[in-house]
Amino acid sequence: MANQARTVSNREPKARGDGSSGRKIASVKSSKFSLENDISNLGRITSPKRLSRIGRAAIDQALHGENRTRFIKQFDESYAFFEGDQWINEDGTRSEAPSWRFRMNRNITFGMVQAIVSLMMDMRSTPYWAADNPEGGDEANRFLARHGLPPLPQTPGQKTDKDLAGDLTDMIHAEYDARNEHTRMEGIYTDMTVGGLGVEKTFWDRKRNRPGVVQIDPRDFLIDPKCSDRRLETAKYVVFRTRMDADDMRWRYGLSAQQVAKIVEKGGRHEDMNIADSGGLFRRVNYGEIFRDTQLESTDLKRVMVDVYHLWFHEDTIFGHEHGEASTRKFPDGRVITFAGEEVLHDVANPYARKSEETGEVGGHGMIPFALYRNYGNPRDPYGFGDI
């Protein structure tokens, strides 16, 4: 499959929603300051204006870095090939067969990828509980006693430790099914097999008071272009890009109408969605007559989407591991800065810091909450490549 993929390398890749080609986030002239020096000081900078300039320059570099540019090209071409877009000329251009000629395209690549993903799903780790003393009933009580907790109440027909371990295993598997983890992992494995990289973000779900995980598009995950390893130990920052409705962005970040208008002017995107103005109902242009109210005076409005960039800065690189001196930065475990256009929407310490800046509580992991699933790759390229 890798040899076949080379035939599409000169072809313009399909537009798959990346939106980075030809577009920069309100770029700044790097000649006015030393970006490398200022990036290292992201743990100290407090001026919003300076923070905006440095952050936007860093995002611009990550968007157009050599490794990412190459990755986006091969990722889009690989998915196009996987989905059957395989009939091309030797020079990379597309052509149609003469009307008298029959050409049948059997997409073997699709079936092979699905087989690989199925095998990985079958081989995934399956958690379970085991009892050291299956026939006994006091292992749980000994565990509780070691932690200063009272024993379980004695009940007639009490289950053995083996029964309790089985119940706990069933609970774990039920939670796996309830969260639809199978679909999420299947998507990550497909990204990894086809494009070479799957990405997920972990977070604390405050509504359910438990950990949460969400898959993200690898093209929306930007890595410090100076990073030279696959574990991101030489990366000073990563960026996660999301797209939001302008109205949602306004209310989530408490922006004024003037701020939103300024952001939209710099980088808004207009989607083909029509809104019935006076009724507040969403509807598309070609809905059937049954949905149309002739008494409703509506104005066609464009739905405005905005690219929002979340820059996760973390100073704890390999150099930081080698020097154990206490950090003098305000954000020793990193900083999260959110940008849209030229505005800084949000600026907080790493919410998973080992020590909370707000409460002083200790207990976070102090890391950046992204997990990367790679297929193959150069040890000096943090993105990698897939089977196609």
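So, how was this worked out
Residues numbered from 1 in each chain as written. Predicted model: local features only at pLDDT ≥ 70, side-chain atom pairs only at ≥ 80, totals over all residues. Heavy atoms only, no water. Helix = DSSP H or I, 4+ residues; strand = E, 2+ residues; numbered from the N terminus. pLDDT = per-residue confidence, 0-100. Contact = heavy atoms within 4.5 Å. Core = buried A, V, L, I, M, F, W, Y, C linked by side-chain atoms within 4.5 Å. Buried < 20%, exposed > 50% of the residue type's maximum accessible area, 1.4 Å probe, protein only. Lys, Arg positive; Asp, Glu negative; His and termini not counted. Salt bridge = Lys/Arg side-chain N within 4 Å of Asp/Glu carboxyl O. Polar contact = N/O pair within 3.5 Å; in protein donor to acceptor, adjacent residues only side chain to side chain. Phe/Tyr/Trp six-rings, centres within 6.5 Å; stacked < 30°, edge-to-face > 60°. Lys NZ or Arg CZ within 6 Å of the ring centre and 35° of its normal. Expected span 1.5 Å × (residues − 1). Arc of directions from axis to C-beta.

## What about the environment of Gln86?
Looking at the secondary structure, you find Gln86 in the loop between α4 (66-82) and α5 (108-122). As a C-alpha pair, Gln86 and Asn107 span 21 residues in sequence and 8.4 Å in three-dimensional space.

## A closer look at the confidence of the model for the chain
Mean pLDDT over the chain: 75, with 66% of residues reaching 70 or higher. Counting contacts from residues 1-17, a segment whose pLDDT is below 50, to residues more than four positions away or on other chains yields 34 contacts. This stretch, residues 26-33, has a pLDDT under 50; its non-local contacts, to residues over four places away or in other chains, come to 14 contacts.

## Observations regarding the nonpolar core
In terms of nonpolar packing, the biggest core is built from 31 residues, with Tyr189, Phe221 and Phe370 touching the most fellow members. Looking at this core, the elements with two or more residues in it are α4, α5, α8 (181-195), β1 (197-205), β3 (221-223) and β4 (237-245). For this core, the leading source of residues is α4, giving 6 residues. With residues up to four places along the chain from it excluded, the contact list for Phe221 reads Val199, Ile216, Leu232, Val238, Val239, Phe370, Leu372 and Tyr383. In terms of nonpolar packing, the next biggest core, distinct from the first, is built from 17 residues, Leu42, Ala58, Ala62 and Phe339 among them.

## Things to note about the side chain of Asp224
Relative to the elements of secondary structure, Asp224 occurs in the loop between β3 and β4. Notably, Asp224 is buried but unbridged: the nearest opposite-charge side chain belongs to Lys236, and the N-O separation is 6.6 Å. At 3.1 Å, the side chain of Asp224 and the backbone nitrogen of Lys236 are in polar contact. Residues within four places of Asp224 in sequence aside, it is in contact with Thr234, Ala235, Lys236 and Tyr237.

## Concerning the pattern of salt bridges
Evaluation of the coordinates by the stated rule reveals 14 salt bridges. As a salt-bridge pair, Glu181 and Arg184 come within 2.2 Å of each other at their nearest N and O atoms. Of this pair, Glu181 and Arg184 are both found in helix α8, 3 residues apart, which corresponds to roughly one turn of the helix. In this structure, a network of salt bridges that share partners links the residues Glu66, Arg70 and Asp381.

## Let's talk about the packing of aromatic side chains
Within this structure, the stated rule accounts for 9 aromatic pairs. Judged by centre distance (5.2 Å) and plane angle (50°), the ring pair of Phe75 and Tyr79 falls under tilted. A residue pair is termed a helical-turn pair when its members lie 3 or 4 positions apart in one helix, as Phe75 and Tyr79 do in helix α4 at 4 residues. Where Tyr79 meets Phe82, the ring centres are 5.9 Å apart and the plane angle is 85°; that geometry is what we call edge-to-face. You can see Tyr79 and its partner Phe82 sitting in helix α4, 3 residues apart, about one turn around the helix. Three or more aromatic residues joined by ring pairs make a cluster, and in this case those are Phe71, Phe75, Tyr79, Phe82, Phe110 and Tyr383. Looking at Arg124, its charged tip hangs above the ring of Tyr176, at a distance of 4.2 Å from the centre. Positioned over the ring face of Trp251 is Arg250, at 4.9 Å from the centre of the ring.

## Here we look at helix α7 (residues 161-178)
With 18 residues, α7 ought to run about 26 Å at 1.5 Å a step, and its terminal C-alpha atoms sit 26 Å apart, in line with that. Among the residues making up α7, those that are buried are Asp161, Ala165, Thr169 and Tyr176. End-on view of α7: buried residues confined to an arc of 75°, all on one side of the axis. For α7, exposure combined with an orientation more than 90 degrees from the buried face picks out Asp170, Met171, Asp177 and Ala178. Backbone geometry just downstream of α7 places Asn180 in the positive-phi region, at approximately 60°.

## Some points on the side chain of Asp191
Locating Asp191 in the fold gives a position in helix α8. Side-chain polar atoms of Asp191 contact the side chain of Tyr79, separated by 2.6 Å. Those residues in contact with Asp191, other than ones at most four positions away along the chain, are Phe75, Tyr79, Gly196, Leu197, Gly198, Gln215, Ile216 and Pro218.

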